[in-house]
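Chain by chain, the residues run as shown.
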Amino acid sequence: YDKLLEINNLHVNYKTADDVVYAVNGLNLSVRKGETLGLVGETGSGKTTVALSILKLLPEKIGFISNGRIWFESVDITKTSEKEMRRVRGEQISMIFQDPMTSLNPTIRVGEQIAENLLLHKKDMTKKQISDRVDEILRLVGLTKEKKNDFPHQLSGGMKQRVVIALALACEPKLLLADEPTTALDVTIQAQVLSMMHKLKEKLDTSMILITHDLGVVANNCDRVAIMYAGQIIEEGNIRDIFTAKHHHPYTLGLFGSIPDMSKKTRRLAPIDGMMPDPTNLPDGCHFWPRCTDRMDVCKMCEPNPCYKDTHMIKCHLYKDLYNERGKDYIVGK
Ligand code: SF4
């Protein structure tokens, strides 16, 4: 298959005055061209840190990639200069944040903000081409061209998020990172914005990593799903694997309220007993063992290897014999 992004053994730390926070711990992940990957996990699992690492936007002097590679097409982003990354951001990889006001300048009309983004990356476009492109991208996100003269405060929450999506997609990036893009919106607007994003993504052939807590969003919008816990992917598979396979990681079962079921009305992740481990002092072995009702002695000492079956991966000692530990028959996104 056609890989767009491949992350190998990524480790990301935050250094504070007294401690080191181990936010991402040996993460492996890939996204192929045109697909939407859902990245799911509790707050603090490291999902946003993964997105910030891909864009090289970790907080300066605090966040560090201590190991691993992030391949975007054939370029290793971990080795890319800041000058080159400024070109990549927006043009090749864009991000939509949860709160639209993080991305919008309150003092500039929205049309000008989209035009500025285009000017930055598409230096050969004429003024007329840029103006036409602004009108077109506003139309694509369901806004009239008259809205380009509005300031962000004149727009509703749903409209602001549409403008943010227009900004992110104006340069037709190859990869869109969407971090809880509709959480701040009410439910009916959420559905409209997500369906619009899905259509746009298909039209522009953009790949997407959709970071979300919402299982309804995952079921309706993603081709594959990766479940994160304590900075690692602990289960991964096609949407069908995650919602219908017989076997799951104990954390996934807890997260989905025992049995993942696409027809279930429950949309939010169910709370699981216990807390996420302290990221400055992760437990040895499987990071989930203090909360796991299936834990065995081996779990406290040895970190499990990923176990594979066709398109489905589970990182848990329970599946050593049922699944293939060496991953010979694992097919990503078959
Ligand atoms: Fe539970 Fe052990 Fe599997 Fe970890 S490896 S999820 S502790 S059974």
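Sequence order as written defines the numbering, with residues in each chain counted from 1. Reporting in this predicted model follows two pLDDT cut-offs: at least 70 for local features of residues, and 80 or more for side-chain atom pairs to be given and counted; totals over whole chains, interfaces and linings ignore these cut-offs and use all residues.

Colleague: What should I look at first to understand the UniProt feature "domain: ABC transporter" (unreviewed entry) in the chain in this one?
Modeller: Mapped onto this structure's residue numbering, the UniProt feature "domain: ABC transporter" (unreviewed entry) falls at residues 5-255. Comment: elements are numbered from the N terminus, with helices defined as DSSP H or I runs of at least four residues and strands as E runs of at least two. With 37% helix and 27% strand, residues 5-255 has its two end C-alpha atoms placed 27 Å apart. UniProt positions are given in the numbering used here, feature names are shortened, and annotations may be inferred rather than shown by experiment.

Colleague: What am I meant to see in the pairing of strand 2 (residues 20-32) here?
Modeller: In regular strands, side chains alternate between the two faces of the sheet. Think of it this way: DSSP has to see at least two bridges between two strands before they count as a pair. The pairing of strand 1 (residues 3-15) with strand 2 spans ten bridges and is antiparallel. Of the residues in strand 2, the one forming a bridge with Tyr14 is Val21. Where strand 1 hands over to strand 2, the hairpin turn is made up of four residues, counted between the paired strands.

Colleague: Help me out: how do you make sense of the packing of helix 3 (residues 110-121) against helix 4 (residues 127-140) in this one?
Modeller: Helix-helix packing is described using two parameters, namely the angle between the two axes and the distance between the axes. Helix axes use the C-alpha atoms of the stretch in contact, all axes being lines fitted to C-alpha atoms, and the angles between their N-to-C directions lie in the range 0 to 180 degrees. With their axes 9 Å apart at the nearest point, helix 3 and helix 4 run at an angle of 120° to one another. Judged on the interaxial angle alone, helix 4 and helix 3 are oblique. Remark: the crossing between helix 3 and helix 4 carries right-handed chirality. Counting all contacts with helix 3, which are made through Gly111, Ile114, Ala115, Leu118 and Leu119, the residues of helix 4 involved are Ile130, Arg133, Val134 and Ile137. Its residues assigned to classes, the contact of helix 3 with helix 4 comprises seven nonpolar, one polar and one charged. Comment on the angle field: the value is read as roughly parallel under 35 degrees, roughly antiparallel over 145, roughly perpendicular from 65 to 115, and oblique elsewhere. When the near helix sits turned anticlockwise from the far one by under a right angle, the crossing is termed left-handed; a clockwise turn instead gives a right-handed crossing. Two residues form a contact once the distance between their C-beta atoms, set from the backbone, is within 7 Å. Residue classes follow a fixed rule: Ala, Val, Leu, Ile, Met, Phe, Trp, Tyr, Cys and Pro count as nonpolar, while Asp, Glu, Lys and Arg count as charged, and any other residue, Gly among them, counts as polar.

Colleague: Is there a simple way to explain helix 6 (residues 187-204) in this structure?
Modeller: At 3.6 residues per turn, the α-helix brings residues three or four places apart onto the same side. For a helix, the expected span equals 1.5 Å multiplied by the residue count minus one. Relative to the 26 Å expected for 18 residues at 1.5 Å per residue, helix 6 spans 26 Å between its end C-alpha atoms, a close match to the ideal helical length. The exposure scheme places C-beta atoms from the backbone and then counts, for each residue, the other C-beta atoms within 10 Å of its own, assigning buried at 20 or more, exposed at 12 or fewer, and partly exposed in between. Here helix 6 has its buried residues at Val193, Leu194, Met197, Leu200 and Lys201. Mapping the buried residues of helix 6 onto a view down its axis gives an arc of 130°, with all of them on the same face. Away from its buried face, by an angle of more than 90 degrees, helix 6 presents the exposed residues Thr188, Ser195, Lys199, Glu202 and Lys203. Those residues of helix 6 hidden inside the fold are in contact with strand 3 (36-40), helix 4, helix 5 (157-169), strand 7 (175-179), strand 8 (207-212) and helix 7 (215-221). Following helix 6 by one or two positions, Asp205 adopts a phi angle in the positive range, close to 55°. Note that the arc is defined by the directions from the helix axis to the C-beta atoms.

Colleague: For this particular structure, what's the right way to read the pairing of strand 7?
Modeller: A large share of strand 7 lies buried, amounting to five of its five residues. Neither face of strand 7 is exposed, since Leu175, Leu177 and Asp179 on one face and Leu176 and Ala178 on the opposite face are all buried. Sheet analysis places strand 6 (residues 93-96) next to strand 7, joined by four bridges and oriented parallel. Each residue of the ladder has a partner; that of Ile96, found in strand 7, is Ala178.

Colleague: Explain the sheet that holds strand 4 (residues 63-72) to me, please; I cannot follow it from the model alone.
Modeller: Backbone-to-backbone hydrogen bonds join strands into a sheet, with any given pair of strands oriented parallel or antiparallel. The four strands lie next to each other as 2-1-4-5, forming an open sheet whose pairing is antiparallel. Two strands lie at the open edges of the sheet, namely strand 2 and strand 5 (75-76), each paired on one side alone. Against the sheet, helix 1 (residues 47-54) engages strand 1, strand 2 and strand 4, with an angle of about 70° to strand 2.

Colleague: What is the right way to look at the packing of helix 5 against helix 6 in this model?
Modeller: Running from amino to carboxyl end, helix 5 crosses helix 6 at an angle of 15°, the nearest separation of the two axes being 11 Å. Of the possible angle classes, the one that applies to helix 5 and helix 6 is roughly parallel. Where helix 5 crosses over helix 6, the two elements pack in a sense that is right-handed. Here Gly158, Gln161, Arg162, Ile165 and Leu169 of helix 5 lie close against helix 6, whose contacting residues are Ile189, Val193, Met197, Leu200 and Leu204. Classifying every residue of the contact of helix 5 with helix 6 gives seven nonpolar, two polar and one charged.

Colleague: What exactly am I supposed to notice about the site of the ligand here?
Modeller: As a structural note, the neighbourhood of the ligand is formed by 14 residues, with Cys286, Trp289, Cys292, Cys299 and Cys316 the closest of them. For the shell around the ligand, the residue count by class is ten nonpolar, two polar and two charged. By definition, a residue lies near a molecule or strand provided its backbone-derived C-beta atom is within 6 Å of it.

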